[in-house]
Amino acid sequence: MTKPTANTMTNNFEKNSGLTTRDKVEKSLARRRAKETRFRLYGMASVLFGVLCLIALFTDIASKGTAAFKQTSLTTSITLDGDYLNLTKDSTVDEIRFANFDGLIKRHFAKEMKPKSRSDKRELFKLLSSGAGWQIQEMLIADPTLVNSSITFELLMDDDVDQWFKHDRQLSTAETNDRLSDKQLNWLSQWIEQDRLDTHFNTLFFTNGDSREPELAGIHGAIKGTLLTLMVTLILSFPIGIAAAIYLEEFAPRNKLTEIVEININNLAAVPSIIFGLLGMAIFINIFGVSRSTPLLGGLVLTLMTLPTIIISARAAIKSVPPSIREAAYGLGASKNQVVFHHVLPLAMPGMLTGTIIGMAQALGETAPLLMIGMVAFVVDVPGFINDPSTVLPVQIFLWSDSPERAFLERTSGAILVLLSFLIVMNTTAVILRRRLERRW
Amino acid sequence: MNDTNSMKLIENHKTTGEPFSKDVKISARNVDVFYGEKQAIYDASLDIGKNEVIALIGPSGCGKSTFLRTLNRMNDTIDICRVKGDILLDNENIYGAHVDTVPLRARVGMVFQKPNPFPKSIYDNVAYGPRIHGLAQSRVELDEIVEKSLKRAGLWNEVKDRLHAPGTGLSGGQQQRLCIARTIAVDPEVILMDEPCSALDPIATAKIEELIDELREKYTIAIVTHSMQQAARVSQRTAYFHLGQLVEVNPTEKVFTKPEHKLTEAYITGRFG
Ligand SMILES: Nc1ncnc2c1ncn2[C@@H]1O[C@H](COP(=O)(O)OP(=O)(O)OP(=O)(O)O)[C@@H](O)[C@H]1O
Ligand SMILES: [Mg+2]
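About the cut-offs
Residues numbered from 1 in each chain as written. Chains lettered and ligands numbered in written order. Predicted model: local features only at pLDDT ≥ 70, side-chain atom pairs only at ≥ 80, totals over all residues. Heavy atoms only, no water. Helix = DSSP H or I, 4+ residues; strand = E, 2+ residues; numbered from the N terminus. Rg over C-alpha atoms; globule rule 2.2 N^0.38 Å. Buried < 20%, exposed > 50% of the residue type's maximum accessible area, 1.4 Å probe, protein only. Contact = heavy atoms within 4.5 Å. Areas by Shrake-Rupley, 256 points an atom, 1.4 Å probe, with all protein chains shown as cover. Lys, Arg positive; Asp, Glu negative; His and termini not counted. Charge placed at Lys NZ, Arg CZ, Asp CG, Glu CD. Patch = residues over 30% accessible without salt bridge, like charges linked within 9 Å, V, L, I, M, F, W, Y side chains within 5 Å. Salt bridge = Lys/Arg side-chain N within 4 Å of Asp/Glu carboxyl O. Expected span 1.5 Å × (residues − 1). Arc of directions from axis to C-beta. Polar contact = N/O pair within 3.5 Å; in protein donor to acceptor, adjacent residues only side chain to side chain. Phe/Tyr/Trp six-rings, centres within 6.5 Å; stacked < 30°, edge-to-face > 60°. Lys NZ or Arg CZ within 6 Å of the ring centre and 35° of its normal. pLDDT = per-residue confidence, 0-100. Domains from an automatic or database assignment.

## Side note on the overall build of chain A
Consideration 1: Summing up its helical and strand segments, chain A has 20 helices and 3 strands in all.
Consideration 2: Radius of gyration (C-alpha) of chain A: 32 Å, far over the 22 Å computed for a compact globule of 441 residues.
Consideration 3: Taken along the three principal axes of its C-alpha coordinates, chain A extends 110 × 65 × 35 Å.
Consideration 4: Burial statistics for chain A: of 441 residues in total, 43% are counted as buried.
Consideration 5: Contacts in chain A between residues far apart in sequence, at least 24 positions, make up 76% of those at least 6 positions apart.
Consideration 6: For chain A, the exposed surface amounts to about 23,800 Å²; the carbon and sulfur share of it is 61%.
Consideration 7: In chain A, 45 side chains carry a positive charge and 43 a negative one; their mean positions are 14 Å apart.

Below, the structure is given as structure tokens:
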């Protein structure tokens, strides 16, 4: 049967069913509308599902994590006895470091709470953080003239006290005293009555490196490590990626070799990231002798991982530059370089930047390859530069999530919140940059 | 008339009419153009005289754009395109071994079918060519070139108050005149135009045709057009292409009143194309 023309179609319909074309259209219209509505519903349902999952995730993490930003401490007035500490107002930093602050604190609390036996004493001192002495030491280093004066400060409590105070205070003793004894709870309620025990913003969480003591553990080291690692990654992968994309797209001859290179770049983008870790170990550590656990090494490995992403998105951005713009420039006698750098690159830049930021966001959350190159080590010191041992946020999260202490789990969620806000900031920057740079043509 | 018929008529064809002229600016000799395996132009020989406007006409796909683009080597930007034969600009072969396309395209400018201003300001659009070729020694000189070019393109009065507004914000006809201004700012000797009015309304078209007529005093112009009226109005000579063959070249008046070749006649009387 040959296709009927529009005219004969109308005639046929009228003959066959007594319906005009108009009626047919009306009838099919209802069907089409229903289809449209159904599709819209599907779409809305899937968006809703996604949003709900996101909300569930965020509320869960936020409800657990925000507690990590608060730390329980005890308002304490203590005299910095110069004779006991062997310090004067002119003591050097080294002398201060070796002074027995822990003994001073123990003496103070023994006097104040009057524990009866040796074991009572031990239980009392367990309530205080082992970092309390360090707190005083830091204050003295900042201001040595405090020797022999009386100071009032927020003395850190142990993580068990912290958790009890933040979460379990309302529960009956029977439920909680697996970690705290009746005697300890008694002392704590004394302090609560005196209005001395309270939670404060947990600055240490943001200024300290990792620690075995949860109340002293912070993410400063991990944040610094992450920033240094990402800096190395960005400095290497952005210029290399953009240059590779420009070369492949604009200058490379079209032959078998470039085709193979292209295919393999696409393949690399799909390689599991842990393989890049192994590769980094084999090449950078074993051959080039880069030291382990450093942001430099991490950055090198993450560069390998992000390069394909950046190259692919940069090439897509270059391809999307309208050919008419190139022709216009060539037609005026612009050289290849001028066409690329005056016209193609500025127009492709927003897309390239978006791709780069997506790549960096991937690198920010990457854990597996960094485990392979030793960034999983326990590092207390905040790294100063790219050749200091350090860890990164996602690995820190991984490490803490493995700890048995409840306070560490809380910090895990806290660190996740920080990581997520990093991501949100980066992606927002990507969107803003894009808007800024995007030009109509 | 169908393709098989016309194919017979142009087999081993030699161009009829007067493809050669005396006061030559560009002369093409035995030009073959291939896209990969496919041949798009067969053995075309044609002279373009100084200060003349030559119209290239013919059915869609016959190779007008392809031929035009050989004249400033724009075909070089297409990977699969190969050109055989000689094209002489002032008696120098532009396909010679050591010819640089950069100065060539400064001498032979091009205006495209679709207006394609850069996503920059009107000023920067016009100033781009002079800038890359170093035509102006100072800001003042550059300003002068921009003003002169916009005036020649008949756009000055419309844009003189917003030179730093984006060129893409102009109307289609204004954009095309901006592209012409951009081309003449480099002060070329030859201007190639590939259907410059196909996206424009009759008023904008009339303006550009007027402009072409004025530009002829200074430049040599080759224009591809689908409008017979336009060819008749602006050109002195007309070349008719068919299926990659240069069928006939004659003074425009002659082509439109007494065409020599049967195919030309069929085309201008509207029997195909
Ligand atoms: N980039 C290209 N790659 C391959 N073939 C091409 C290319 N450009 C043109 N061709 C072919 O070359 C022949 C001539 O094309 P050309 O664009 O020169 O025609 P034209 O006469 O300008 O047509 P129109 O009037 O439609 O613009 C056509 O058959 C076309 O398919
Ligand atoms: Mg064309």
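Next comes the rest of the description.
## Observations regarding a nonpolar patch on the surface
All names here are of chain A.
Consideration 1: On the surface, Val47, Leu48, Val51, Leu52 and Ile55 cluster together into a nonpolar patch covering about 460 Å² of accessible area.
Consideration 2: Position of Val47 relative to the elements: it lies in helix α2 (residues 21–65).
Consideration 3: On the basis of relative accessibility, which here comes to 56%, the residue Val47 falls in the exposed class.

## Observations regarding helix α13 (residues 256–269) of chain A
Residues and elements named next belong to chain A.
Consideration 1: With 14 residues, α13 ought to run about 20 Å at 1.5 Å a step, and its terminal C-alpha atoms sit 20 Å apart, in line with that.
Consideration 2: For α13, the full list of buried residues reads Thr258, Glu262 and Ile265. The arc enclosing the buried residues of α13, seen along the axis, measures out at 60 degrees, which places them on a common side. Opposite its buried face, α13 presents the exposed residues Lys256 and Leu257, each directed more than 90 degrees away.
Consideration 3: Buried residues along α13 sit against α12 (220–251) and α15 (295–319).
Consideration 4: You can read the cap of α13 off the contacts: a side-chain oxygen lies 3.2 Å from the backbone nitrogen of Leu257, and it is on Asn255.

## Let's talk about the packing of aromatic side chains
The geometry of two aromatic rings is summed up by the distance between their centres and the angle between their planes.
Consideration 1: Tallied over the entire structure, the rule returns 9 aromatic pairs over all chains.
Consideration 2: Taking 5.8 Å as the distance between ring centres and 10 degrees as the angle between the ring planes, the aromatic pair formed by Phe201(A) and Phe206(A) counts as stacked.
Consideration 3: Relative accessible area serves as the criterion here: at 30%, Phe206(A) is assigned to the partly exposed category.
Consideration 4: An aromatic cluster is defined as three or more aromatic residues linked by ring pairs; in this entry it consists of Phe69(A), Phe201(A), Phe205(A), Phe206(A), Trp400(A) and Phe408(A).
Consideration 5: Seen from the ring of Phe34(B), Arg82(B) lies directly overhead, with NZ or CZ sitting 4.8 Å from the centre.
Consideration 6: The positively charged end of Arg182(B) is found above the aromatic ring belonging to Phe118(B), 4.5 Å away from the centroid.

## Structural notes on the confidence of the model for chain B
Consideration 1: When pLDDT is averaged along chain B, the result is 89, and 95% of the positions lie at 70 or above.
Consideration 2: Reported for the predicted complex are a pTM of 0.79 and an ipTM of 0.89.

## Describing the domain arrangement of chain A
Consideration 1: When cut into domains, chain A gives domain 1 (6–65), domain 2 (71–213) and domain 3 (220–437).
Consideration 2: Taking only C-alpha atoms, the centre of domain 1 of chain A and the centre of domain 2 of chain A are 66 Å apart.

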